[in-house]
Amino acid sequence: MGTEAYPTSSHWGTYEVLVRDGRVVDTRPDPGDPDPSPLIANAPAAQHHPTRVARPAVRRRWLENGPGPDPERGAPGDAYVEVDWDTAAELVAGELKRVHREHGAEAVFGGSYGWGSAGRFHHSQSQLHRFLNTTGGYTRSRATYSHAAVEVLFPHLVGEQGAHALLERAPTWEAIAEHTDLIVSFGGLRLSNTWIASGGRAAHTAALGMREAAARGLRTVSVSPLRDDTIEEMGAEWLPAAPGTDTAAMLALINVLIEEDLADRDFLDRYTVGADVVRRYATGETDGVAKTPEWAEPICELPADTLRSLARRMAAGRTLVNVGWSVQRTRYGEQPLWAGLALAACLGQIGLPGGGFATGYGSMGRYGGGATPGGLPRFPKGANPVDRRIPVSHTSEMLLRPGEEFDFDGERLTYPDIRLVAWSGGNPFHHHQDLSRLTRAFGRPDTVLVVETHWTATARHADIVLPSTTTLEREDMAASQGDLRLNVMRRAVAPYGEARDEFDIYRAVTARMGLEKEFTEGRTAEEWMRHLYEQWRERQRDMFGADLPSYDAFREAGGVDLPGRVNDEAMAAFAEFREDPVAHPLQTPSGRIELFSATIAGFGYADCPGYPIWLPGEERLGSARSRRWPLLLLANQPKGRLHSQQDMGAYSASQKVDGRAPVRMHPDDAAARGLADGDLVRVHNDRGSLLAGVRVSDALRPGVAQLSTGAWYDPSSTEVTCAHGNPNVLTDVAGTSRLAQGCTGQHVLVEIEAFRGEAPPVRAFTPPVPVPPSS
Ligand SMILES: Nc1nc2c(c(=O)[nH]1)N[C@H]1C(S)=C(S)[C@@H](COP(=O)(O)OP(=O)(O)OC[C@H]3O[C@@H](n4cnc5c(=O)[nH]c(N)nc54)[C@H](O)[C@@H]3O)O[C@H]1N2
Ligand SMILES: Nc1nc2c(c(=O)[nH]1)N[C@H]1C(S)=C(S)[C@@H](COP(=O)(O)OP(=O)(O)OC[C@H]3O[C@@H](n4cnc5c(=O)[nH]c(N)nc54)[C@H](O)[C@@H]3O)O[C@H]1N2
Ligand SMILES: [Mo]
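Residues numbered from 1 in each chain as written. Chains lettered and ligands numbered in written order. Predicted model: local features only at pLDDT ≥ 70, side-chain atom pairs only at ≥ 80, totals over all residues. Heavy atoms only, no water.

The subject of this paragraph is the overall build of the protein chain. Each helix and strand in the protein chain was counted, giving 24 helices and 29 strands. Over its C-alpha trace the protein chain gives a radius of gyration of 26 Å, about what one expects of a compact globule, namely 28 Å for 775 residues. Each principal axis of the C-alpha atoms in the protein chain carries an extent, and together these give about 80 × 70 × 55 Å. The buried share of the protein chain, reckoned over its 775 residues, is 63%. Contacts in the protein chain between residues far apart in sequence, at least 24 positions, make up 76% of those at least 6 positions apart. As displayed, the protein chain offers around 26,900 Å² of accessible surface, 47% of which is attributable to carbon and sulfur atoms. Both charge centroids of the protein chain, one from 80 positive and one from 100 negative side chains, sit 2 Å from each other. (Helix = DSSP H or I, 4+ residues; strand = E, 2+ residues; numbered from the N terminus. Rg over C-alpha atoms; globule rule 2.2 N^0.38 Å. Buried < 20%, exposed > 50% of the residue type's maximum accessible area, 1.4 Å probe, protein only. Contact = heavy atoms within 4.5 Å. Areas by Shrake-Rupley, 256 points an atom, 1.4 Å probe, with all protein chains shown as cover. Lys, Arg positive; Asp, Glu negative; His and termini not counted. Charge placed at Lys NZ, Arg CZ, Asp CG, Glu CD.)

Structure follows, in structure tokens:
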């Protein structure tokens, strides 16, 4: 047999895999994708890698000792015993029943944060949550690592629908090209981030859109520690502000707009509340400190003149203020969002095409790519009878501090006492902060269940590991928000080892609990997909009068064009409100944009008061802590892969330095430490240490180093916390503030030095060898 091509979709794009003799040998971009992402090259190695989980496996200590806290959970060399599927399903059903009986359903943590894979039906979180809901419910997590501060803060400032519009209906790049004179982006417009869109982008259009907009006269100002956070063709002006100081820069811009009478007073009067509170703070009436460009200069390390002239330019034409998500993934991350909104409000262009405020450009492919108003087929998760939740970034705190209280968005919540952790489609030992602390936390529950395709570090901290198929081993359909097309995903190869689809895994467990019918509703996977598609097709008919092909015709054709795609209405998120704020008020207490929020002020949080203020974080250049740990490490998103996924793939591997994560350093910082390109270094602070390979680059501002996330965590060495270079051994679990409690992993202070002596090998990609049960 020759080579066959199968269409598939992933978060990094729609593409084809080429299969020969049952193996994925290569990939080919989808002909419909004008600018495919290089990440597709990771798929072949990842699909057949020895780290694939071949059979259900159970930790020997758990098998021998039974469920219970175990500080040894995840210790290097932990032994696993392979079991058959019947035994595995029996163990899971039995343990779930025991925990429900002895501790109640809230003792099950099913937050299971993570990106999993694309595909509308075989979606890890949806499948797991439906399973857990069917069996009695679980403690859940709220908001995302990506942009918790956006999700929690903005409903207070612009209402639920306004917040939704900001996240789901950003103006297209075409609209920006047509209307916008200047985009000022805090957090850059990092092209590699736009390769990704949750659900599987069919057409990558960000680079084309940015180029076209620049060619038509768009000017770009990129506030970012990295020069290469914008593509060269944009000809962006680079303002290398010190990380974590955007709020100070924004306040200085506001100060100039006010002092030079450039602020749009009519807009502020008509559409906002609290403009006067912001004015008094920015001009110094409140605290005697005028937030002038001269005030901001030493904080941001940007010349005062640059800020002053930028404020004038912003007022002189149609300006879009974009705040990237990285900027809020830091301590006090609510502030730059709120200050950015206040800055846009002062410019008075919110609701005008191509102007106002945005968040997400350069953070993900769908921003600027349009919206999909008719929605997509969706697998119903059912209702969760348990009403217990934690902010998503509090996994380790929850496990370590049961019964303790904490603040979250105006509520006083209590950490539940978790006995069973169930995770699928996420990798907390990649994504969470302070991984040594997370290891201690994972020692606390009685049982950890992980459903995974690969032996990730998270699987290696589990008692029961169940092998999931990959997308290439099952039929599905995919699209991302804003896409033009819903695509068929084809099963390209047979399941690896004894891997099963998650739907089948949970069906087997619910069958043992007498709940199979509730879980499946009597449908097979194939029948579910048909049902979801037909339901969705019906909805498209109702909404747009669209006559879409039947399920069989859709599968036959390989996809279907999505109806009702909006570009024009989406150009201005607050257009109706702007037109008539009385007839179309925002869903805020005042009906307006809340530059001062009485609700938030009423919470009494010093770390997030009622209006945007400058709060200096500790993980920041110039802080007291920086005297001991002088370099600010940016743990941003990796160019070579999505998070930790397919880290063994060809494109990801091509960016490593002798098989370890690359850490980029400014030439001055490298020279001051006697380091050269390619050197092996130890990056460390008081939380941990890691090994990485130096890449010297003048695209960074001095004082800043960059080590992107996602190198598989490797705790196998006694000399360092991670031998492979996962920056989360260094980061802190502190939340953004008591309001959003978002992830603050983007910034961490470190020192970097040459590593001498014999370097421990990277063992992250060496899976555990199954052992026989000890009789
Ligand atoms: N320091 C620092 N840390 C960060 C960030 C940061 O900026 N700095 N960013 C944060 C952000 S924004 C995010 S979104 C998180 C991302 O964190 P995660 O979403 O947890 O990271 P992924 O590597 O995408 O994890 C997905 C997992 O799903 C598995 N998987 C893939 N397909 C399937 C499947 O079909 N079935 C099952 N069961 N599993 C599957 C993969 O093997 C992988 O282990 O990281 C966060 N962590
Ligand atoms: N290739 C690839 N793309 C991805 C992902 C991936 O893993 N790989 N992950 C996806 C996910 S889940 C998410 S949530 C998004 C995240 O999207 P973002 O949060 O926007 O992405 P980051 O790469 O973390 O940060 C973007 C840039 O912000 C700059 N920056 C960092 N701190 C500061 C600061 O304090 N001030 C300013 N002005 N700039 C700062 C850094 O130079 C960094 O390169 O990316 C998505 N896209
Ligand atoms: Mo994210």
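This part takes up the sheet that holds strand β8 (residues 182-186). In a beta sheet, neighbouring strands pair by backbone hydrogen bonds and run either parallel or antiparallel. Read across the open sheet, the five strands follow the order β10-β9-β8-β12-β13; overall the sheet is parallel. Every other strand in the sheet has two partners, leaving β10 (237-239) and β13 (356-358) as the edge strands with one partner each. This sheet shows a mean twist of 20° between the axes of neighbouring strands, independent of strand direction. For strand β12 (residues 319-323) and β13, the ladder comprises three bridges, and the chain directions are parallel. Its bridge partner being in β13, asparagine 322 is matched across the sheet by alanine 358. (Pairing = 2+ DSSP bridges. Axes fitted to C-alpha atoms, helices over the stretch in contact; angles between N-to-C directions.)

A few words on the site of ligand 1. Among the 34 residues in the neighbourhood of ligand 1, the closest are listed as His431, Glu452, Arg474, Ser644 and Asn728. Here arginine 329 contributes a side-chain N or O atom positioned 2.8 Å from an oxygen atom of ligand 1. One nitrogen or oxygen atom from the side chain of asparagine 728 is found 2.7 Å from a nitrogen atom belonging to ligand 1. When the free accessible area of ligand 1 is taken as 910 Å², the share hidden by the protein chains comes to 97%. For the shell around ligand 1, the elements supplying multiple residues, two or more each, are α15 (428-431) and β18 (447-452). Looking at side-chain class alone, the shell around ligand 1 contains five nonpolar, 25 polar and four charged residues. Shared between two domains, the shell around ligand 1 takes at least three residues from each, and those domains are domain 1 (53-143 + 386-481 + 485-561) and domain 3 (625-754). (Near = heavy atom within 4 Å. Polar contact = N/O pair within 3.5 Å; in protein donor to acceptor, adjacent residues only side chain to side chain. Nonpolar A, V, L, I, M, F, W, Y, C, P; charged D, E, K, R; others polar. Domains from an automatic or database assignment.)

This next bit is on the packing of helix α11 (residues 293-301) against helix α12 (residues 304-316). With their axes 8 Å apart at the nearest point, α11 and α12 run at an angle of 120° to one another. Relative to α12, the element α11 is oriented oblique. Handedness of the α11/α12 crossing: right-handed. Contact residues: α11 offers Pro293, Glu294, Ala296 and Glu297, while α12 offers Ala304, Leu307 and Arg308. (Parallel < 35°, antiparallel > 145°, perpendicular 65-115°, else oblique. Left-handed = near helix turned anticlockwise from the far one by under 90°.)

Our next topic: helix α16 (residues 435-442). Within the span of α16, buried status applies to Leu435, Leu438, Thr439, Ala441 and Phe442. Summarising the axial view, the buried residues of α16 lie within an arc of 160°, below the 170-degree limit, and thus occupy one face. Against α14 (395-400), β17 (420-424), α15 and β18 lie the buried residues of α16. (Arc of directions from axis to C-beta.)

Moving on: the UniProt feature "domain: Molybdopterin dinucleotide-binding" (unreviewed entry) in the protein chain. UniProt marks residues 631-744 with the feature "domain: Molybdopterin dinucleotide-binding" (unreviewed entry), using the numbering shown here. Between the end C-alpha atoms of residues 631-744 there is a gap of 17 Å, over a span that is 10% helix and 21% strand. (UniProt positions renumbered as here; feature names shortened; annotations may be inferred.)

Phe154, Trp173 and Ile752 are the most contacted members of the largest nonpolar core, which totals 162 residues. Residues contacting isoleucine 752, with those up to four places away along its chain left out, are Leu631, Val663, Met665, Arg673, Leu675, Val681, Arg682, Val683 and Ala705. (Core = buried A, V, L, I, M, F, W, Y, C linked by side-chain atoms within 4.5 Å.)

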